[in-house]
Amino acid sequence: SDKGKVRIQNQDSIYVPGKNEYNLYIIADGMGGAKAGDVASIKAIEYIKEYIKNNYVDQGDTKIKEMIRESLIYANEKVYSLSEENEDYEGMGTTVIVVLVYKNNMYIGHIGDSRLYRIRNDFIRKITKDHSYVQKLIDEGEITEEEAQKRDDKSVILRAVGAEKGVVTDYKKTGHIINAQ
């Protein structure tokens, strides 16, 4: 976790499982340009954990995918409500990555531009795709990845938990996880 070169405060939050818990991992990075990004990241993790604990299913890929997606939607609704109820939290939001390791597969839900990488045999592979303005420009063929690194607007994200009433989530499943802890 790193606050970066611009921000005074580190607004990152993480969750790793304790002994005898689900293999659930969550990373949230509060939006530094908005109010209360630290609160948004802490609360998003709290709400995702709560939702998964109350709705955990052991019934295959489709149910796990739906549970992860719904946990992100639930967290978004709750964080958004907090921002509506408290003037100090107005406009807060956070990026989130949720990873559940189950039966040698990694189930991933994410919103924003926090990235998940897999490192194996000295090879690093990016698993998630940013929900950012520059990624959109790359996808549309407007700029290259090299040009994106030099842009002043490279930190502008298009999706975040809590920033708007509704949210679109991304989901991915990868297999062959050898050791989760």
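Not measured: the values here are computed from a predicted model. (Residues numbered from 1 in each chain as written. Predicted model: local features only at pLDDT ≥ 70, side-chain atom pairs only at ≥ 80, totals over all residues. Heavy atoms only, no water.)

Draft legend 1. Structural view of the overall build of the protein. Secondary structure assignment for the protein yields four helices and seven strands. Order of helices (α) and strands (β) in the protein, N terminus to C terminus: β-β-α-α-β-β-β-β-α-α-β. Computed over its C-alpha atoms, the radius of gyration of the protein comes to 16 Å, within 12% of the 16 Å expected for a compact globule of 181 residues. Principal-axis analysis of the C-alpha atoms places the extent of the protein at approximately 45 × 45 × 30 Å. Counting all 181 residues of the protein, 41% fall into the buried class. Within the protein, contacts between residues at least 6 apart in sequence are counted, and of these 60% link residues at least 24 apart. When the accessible area of the protein is evaluated, it comes to approximately 10900 Å², of which 46% is carbon and sulfur surface. Between the averaged position of the 27 positive side-chain charges in the protein and that of its 30 negative side-chain charges there is a distance of 6 Å. (Helix = DSSP H or I, 4+ residues; strand = E, 2+ residues; numbered from the N terminus. Rg over C-alpha atoms; globule rule 2.2 N^0.38 Å. Buried < 20%, exposed > 50% of the residue type's maximum accessible area, 1.4 Å probe, protein only. Contact = heavy atoms within 4.5 Å. Areas by Shrake-Rupley, 256 points an atom, 1.4 Å probe, with all protein chains shown as cover. Lys, Arg positive; Asp, Glu negative; His and termini not counted. Charge placed at Lys NZ, Arg CZ, Asp CG, Glu CD.)

Draft legend 2. Up close: the environment of Gln 149. Tracing the backbone through its elements, the reader meets Gln 149 in helix 4 (residues 145-149). A residue is classified by how much of its surface remains accessible, and Gln 149, at 52% relative accessible area, is exposed. As a C-alpha pair, Gln 149 and Val 134 span 15 residues in sequence and 8.8 Å in three-dimensional space.

Draft legend 3. Representation of the pairing of strand 3 (residues 94-102). Across the nine residues that make up strand 3, a large majority, nine, are buried. With burial as the criterion, each face of strand 3 is covered, one bearing Thr 94, Val 96, Val 98, Leu 100 and Tyr 102 and the other bearing Thr 95, Ile 97, Val 99 and Val 101. Here strand 2 (residues 23-30) runs beside strand 3; their pairing, made up of eight bridges, is antiparallel. In the strand pairing of strand 3, Ile 26 is matched with Val 98. (Pairing = 2+ DSSP bridges.)

Draft legend 4. Layout of the sheet that holds strand 3. Spatially, the five strands line up as an open sheet ordered 1-2-3-4-7, and their pairing is antiparallel. Since the sheet does not close on itself, it has two edges, and those belong to strand 1 (12-15) and strand 7 (170-175), each with one partner. When strand polarity is set aside, the average angle formed by the axes of neighbouring strands in this sheet is 10°. One ladder, built from six bridges, connects strand 4 (residues 105-111) with strand 7; its direction is antiparallel. Its bridge partner lying in strand 7, Ile 108 is registered against Lys 172. Running over the sheet, helix 1 (residues 37-55) touches strand 1, strand 2 and strand 3 and is turned about 160° from strand 2. Packing of helix 2 (residues 61-85) onto the sheet brings it into contact with strand 3, strand 4 and strand 7, and relative to strand 4 it is tilted by some 30°. (Axes fitted to C-alpha atoms, helices over the stretch in contact; angles between N-to-C directions.)

Draft legend 5. Up close: the pattern of salt bridges. Counted according to the given criterion, the structure contains nine salt bridges. Measuring nitrogen to oxygen at the nearest pair gives 2.8 Å for the salt bridge that ties Arg 151 to Asp 153. Judged by relative accessible area, Arg 151 falls into the partly exposed class, the value being 27%. Linked by salt bridges that have partners in common, Glu 66, Arg 69 and Glu 70 make up one network. (Salt bridge = Lys/Arg side-chain N within 4 Å of Asp/Glu carboxyl O.)

Draft legend 6. Main features of the packing of aromatic side chains. One pass over the full model with this rule turns up three aromatic pairs. When the ring of Tyr 22 is compared with that of Tyr 56, the centres are 4.0 Å apart and the planes differ by 15°; the resulting orientation is stacked. Residue Tyr 22 is found in the loop between strand 1 and strand 2, and its partner Tyr 56 is found in the loop between helix 1 and helix 2; the two are separated by 34 residues along the sequence. Judged by its relative accessible area of 26%, Tyr 56 is partly exposed. (Phe/Tyr/Trp six-rings, centres within 6.5 Å; stacked < 30°, edge-to-face > 60°.)

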